[in-house]
Amino acid sequence: MIRRMARDDGGAALILVLLLVTVVALVLSVTLSVADTSLRATVNLRAQAAVGYTADGAVQAAINTIRNSTYAAGTGQSCFGGSNTLTLNTFAGTSSAAVTCSPDPAKVRIQCPSLAQCNRPGAAILALGKVSGEDGINLQQPSGSQFKVHGTVFSNSTIDVVNGSLVTNAPAYARGACVGTVMSTPSAACNYGTTANALGDDPGYLPAVSSAPVYRALPACTTPGSVVTFQPGYYDNAAGLSAMMAGNSACRHSTWWFQPGTYYFDFHNTGTNANPLLPTTGGNVWTVNDGYLVAGTPTNAAGVKVATPAVPASIPGACDNPINDPTATGVQFIFGGDSQFAVKAGQAEICGTYSSTRPPLALYGLTSGSETTTALTNLTLTAVPAAGPFSGATVPNLSTMDTTTYASWKSGKKNDSGTVTVGGFAPPSAIPAGSVLKSATVKVTHRHADTGTTDTLNVSLTPNGGTAISGSSTGHPGGAAFQTDTVTLDAAATGAIAQAVHDGTFTGAAIALTAGLTANNDTEDLDAIRLDLSYVAPALRAGTGCVTATPYTGNGSTSCAVLTTVNNSGNQFYVQGTTYLPGGVVDITLNNATEQIFRFGVIARSVWVKETGSFAYTGVVIEVPDDAPGFVLGVYLTAYVCENSATCAASGTPQVRAKVAIIDPDPATPVSGKRQVAVLSWSSPS
């Protein structure tokens, strides 16, 4: 019994041993399998990493090759000398690589071959004036306030910070003294003197047009809260614009939409070049005192371009900003003469047009150009619709002064008169609309026989499609010789002739000439009837009058600012583009703002800024894009790796793709080894 039990225990032990051996074997099997998998994964990862390192190195080699070349994507040029593929045989051990290159055709937004050909100004604020007693930059704000600028500040005279501080993230220069606190990086260079610095020079931007654009009459103003649309062109009536954009106008509370294009404002309401047809109220100052002025391509609240702006317009953000959109088409407001622009209780946003070679000039002040007087002499008749009592009253007899062929009439009583009506007198070419009449005279070559009396001449001239205007002249004592008398018409330049000249509708006229004879049986001979006109046509005209008077001291006694914003709780004003008024003054009062006031810089003779105590905006007020050089050349690089191969073709699955910008101080003449590189993107498609 005992022996049997022992056998039974031995069998159980054997079973336990077998189970243990099986478990250990299974564990060892799993362990060895995992170790084998891990080993194989490690080997594969090392191989994959090696391929990645090779591809990265190949792209870096390609970048360095371009950096040390003069490749500029010109006609006939290749990225790598004679090819757009860089072959790197046995580049990494036994592996080779190939990199392909293609230029990026997309335009870039900031491109500056030089300050003279750059789509941003060199400074956020550039005050060009060198006028004794006139600050280049004058800043008035509550104590403790900071006026923030993004970009260089340069004054060719002084910087006067009355309270608080002027703060910029870039250098600040003043050829004269700095008064108050100017905080810049590096420290402000005050009393800079005459040290050469191109940033202080006038960049000399040209206006968008070389001659005055077509004249535009003011659009109809009939409905409050509507969209009143302006077309690009020449406008001469500041009082009319101001009356339209006033709180009591027939179209009050409207959106004043200036469609994309070039606008020339040369107001002739007052001054030496005034047009007597225009009202004088408010002088040559256009004031936005109501509504919403939107200039450029309109956008909605989401920034999407729309067909027409909203009423009310959401300002800022009501027009397409060229800083954000390289396809933006906006406006250029050009100011000539002593024309001025003021924003009072209204809101205004002006958007410029994007360009790759110059700033988006939104406001422009002229410094050259002048008006000239055009004289049209001896305009002749071409018809005799009513000869009256004059025999021989034909076109040949009355159109030329020859004293041999003429028309005649004999009086039938004392104090008799005879009238002949002639027509024609068309100018040789159309008189441009917007012209200002300077003189209108009718010249009559005539004689009468009675030497003891003097004849009289009365002229009634009716422009084609217009109303009559009259003038008279005492003639001459009788005699055998022909003499020429001049009859002045529309001397005040407020009548039908002046209106037709201004409207550009003068195409000729009818003249009724009445000769008066005091003696019976006296004979009046008419040899010629001619018309003389002189006028001043619209022209790009340099700033003049108060806008160029110096020094500007802010009190408006003798000088005035081209651009002014007035302290009013309802006004807002934004320029999405560059303000360029090199001969004028910018004088703005900031009361309300939600973003930068001047985007893309301000260039003026003098810049004055006043911040009210309620001005709560704490961001940058004036800015330009950073002064880093622009991306001139972009290329796409694609790397391929061929493992364990002495050569490599650019085919199969690429290992790395990169977009790289090559930056040149002067893109027209790249210098090998002096080029900068910026990697814009880097990815691994595999």
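Residues numbered from 1 in each chain as written. Predicted model: local features only at pLDDT ≥ 70, side-chain atom pairs only at ≥ 80, totals over all residues. Heavy atoms only, no water.

(A) Representation of the overall build of the protein chain within the structure. Tallying secondary structure elements over the protein chain gives four helices and 37 strands in all. When the 686 residues of the protein chain are sorted by exposure, 48% land in the buried category. Long-range pairs, those at least 24 residues apart, make up 68% of the contacts in the protein chain between residues at least 6 apart in sequence. Approximately 29,300 Å² of the protein chain is accessible, and the part contributed by carbon and sulfur atoms is 54%. (Helix = DSSP H or I, 4+ residues; strand = E, 2+ residues; numbered from the N terminus. Buried < 20%, exposed > 50% of the residue type's maximum accessible area, 1.4 Å probe, protein only. Contact = heavy atoms within 4.5 Å. Areas by Shrake-Rupley, 256 points an atom, 1.4 Å probe, with all protein chains shown as cover.)

(B) Inspection of the side chain of Glu 371 at higher detail. Among the secondary structure elements, Glu 371 is positioned in the loop between β19 (361-365) and β20 (373-386). By relative accessible area, Glu 371 is classed as buried at 18%. With sequence-adjacent residues up to four places away left out, Glu 371 is seen in contact with Asp 266, His 268, Asn 273, Val 536, Ala 537, Ala 539 and Arg 541.

(C) Geometry of the sheet that holds strand β36 (residues 656-663). Spatially, the five strands line up as an open sheet ordered β1-β2-β35-β36-β37, and their pairing is antiparallel. The sheet is open, and its two edges are formed by β1 (85-92) and β37 (676-683), each paired on a single side. This sheet shows a mean twist of 25 degrees between the axes of neighbouring strands, independent of strand direction. In this structure, β1 lies alongside strand β2 (residues 95-103), joined through five bridges in antiparallel fashion. Each bridged residue has a counterpart across the sheet, and for Leu 88 the counterpart in β2 is Ala 97. (Pairing = 2+ DSSP bridges. Axes fitted to C-alpha atoms, helices over the stretch in contact; angles between N-to-C directions.)

(D) Summary view of the pairing of strand β13 (residues 261-265). Within β13, four of the five residues are buried, which leaves the element mostly enclosed by the surrounding structure. Where strand β11 (residues 233-235) meets β13, three bridges bridge the pair, whose relative direction is parallel. The residue bridging Gly 233 from the neighbouring strand is Tyr 263, located in β13.

(E) Highlighting helix α4 (residues 496-503). Extensive coverage of α4 is indicated by the burial of six of its eight residues. Those residues of α4 not exposed but buried are Ala 496, Ile 497, Ala 498, Ala 500, Val 501 and His 502. On its buried side, α4 packs onto β23 (436-448), β24 (454-463), β25 (469-477) and β28 (523-536). At the exit of α4 stands Gly 504, carrying a positive phi of roughly 75 degrees.

(F) A look at the pattern of salt bridges. Scanning the entire structure with this criterion turns up 11 salt bridges. Among the salt bridges present, the one from Arg 447 reaches Asp 525, with a minimum N-O distance of 2.9 Å. Here the residue Arg 447 occupies a position in strand β23, and Asp 525 occupies one in strand β28, the gap between them amounting to 78 residues. Among the residues examined, Arg 447 registers a relative accessible area of 18% and is labelled buried. Owing to a relative accessible area of 8%, Asp 525 belongs among the buried residues under this scheme. For the salt bridge of Lys 610 with Asp 587, the shortest nitrogen-to-oxygen distance reads 2.6 Å. (Salt bridge = Lys/Arg side-chain N within 4 Å of Asp/Glu carboxyl O.)

(G) Broad picture of the confidence of the model for the protein chain. Within the protein chain, residue pLDDT values average 89, and 89% of them lie at 70 or more. Segment residues 1-10: pLDDT under 50, and zero contacts once partners within four positions in sequence are set aside and those in other chains are kept. Under a pLDDT of 50 for its full length, residues 627-631 has, in the predicted model, 14 contacts with residues more than four places off or in other chains. (pLDDT = per-residue confidence, 0-100.)

(H) Looking closely at the packing of aromatic side chains. With the rule as written, the count across this model stands at 29 aromatic pairs. Pairing Tyr 235 with Tyr 263 gives two aromatic rings, centres 6.1 Å apart and planes at 25 degrees, and the pair type is stacked. Taken as a pair, Tyr 235 in strand β11 and Tyr 263 in strand β13 lie far apart in primary sequence, 28 residues in all. Classification of Tyr 235 as buried rests on a relative accessible area of 2%. Through pairs of rings, three or more aromatic residues link up here, namely Phe 230, Tyr 235, Phe 258, Tyr 263, Phe 265, Phe 267, Trp 286, Phe 333, Phe 335, Phe 341, Phe 573 and Phe 598. (Phe/Tyr/Trp six-rings, centres within 6.5 Å; stacked < 30°, edge-to-face > 60°.)

(I) Summary view of the pairing of strand β27 (residues 509-517). Bridge analysis of strand β22 (residues 416-424) against β27 gives nine bridges, and the strand direction is antiparallel. By the bridge assignment for β27, Ser 417 is matched with Gly 516. One ladder, built from eight bridges, connects β24 with β27; its direction is antiparallel. Opposite Thr 462, over in β27, you have Ala 510 as the bridge partner.

(J) Focus on the state of the cysteines. For the coordinates displayed, the defined rule picks out six disulfides. Residue pairing for Cys 319: its cysteine sulfur links by disulfide to Cys 351, the two sulfurs lying 2.1 Å apart. Looking down the S-S bond of the Cys 319 and Cys 351 bridge, the torsion is 75 degrees, so its handedness is right-handed. Of this pair, Cys 319 sits in the loop between β15 (292-295) and β16 (331-335) while Cys 351 sits in strand β18 (residues 347-351), and the two are 32 residues apart along the sequence. Exposure remark for Cys 319: the relative accessible area of 4% places this residue in the buried category. Across a sulfur-sulfur distance of 1.9 Å, Cys 546 and Cys 560 are joined as a disulfide pair. A torsion of 75 degrees about the S-S bond marks the disulfide between Cys 546 and Cys 560 as right-handed. With Cys 546 in the loop between β28 and β29 (563-565) and Cys 560 in the loop between β28 and β29, the pair connects residues that are 14 residues apart, well separated along the chain. According to the relative accessible area criterion, Cys 546 is partly exposed, its value standing at 22%. Exposure remark for Cys 560: the relative accessible area of 12% places this residue in the buried category. (Disulfide = S-S within 2.5 Å.)

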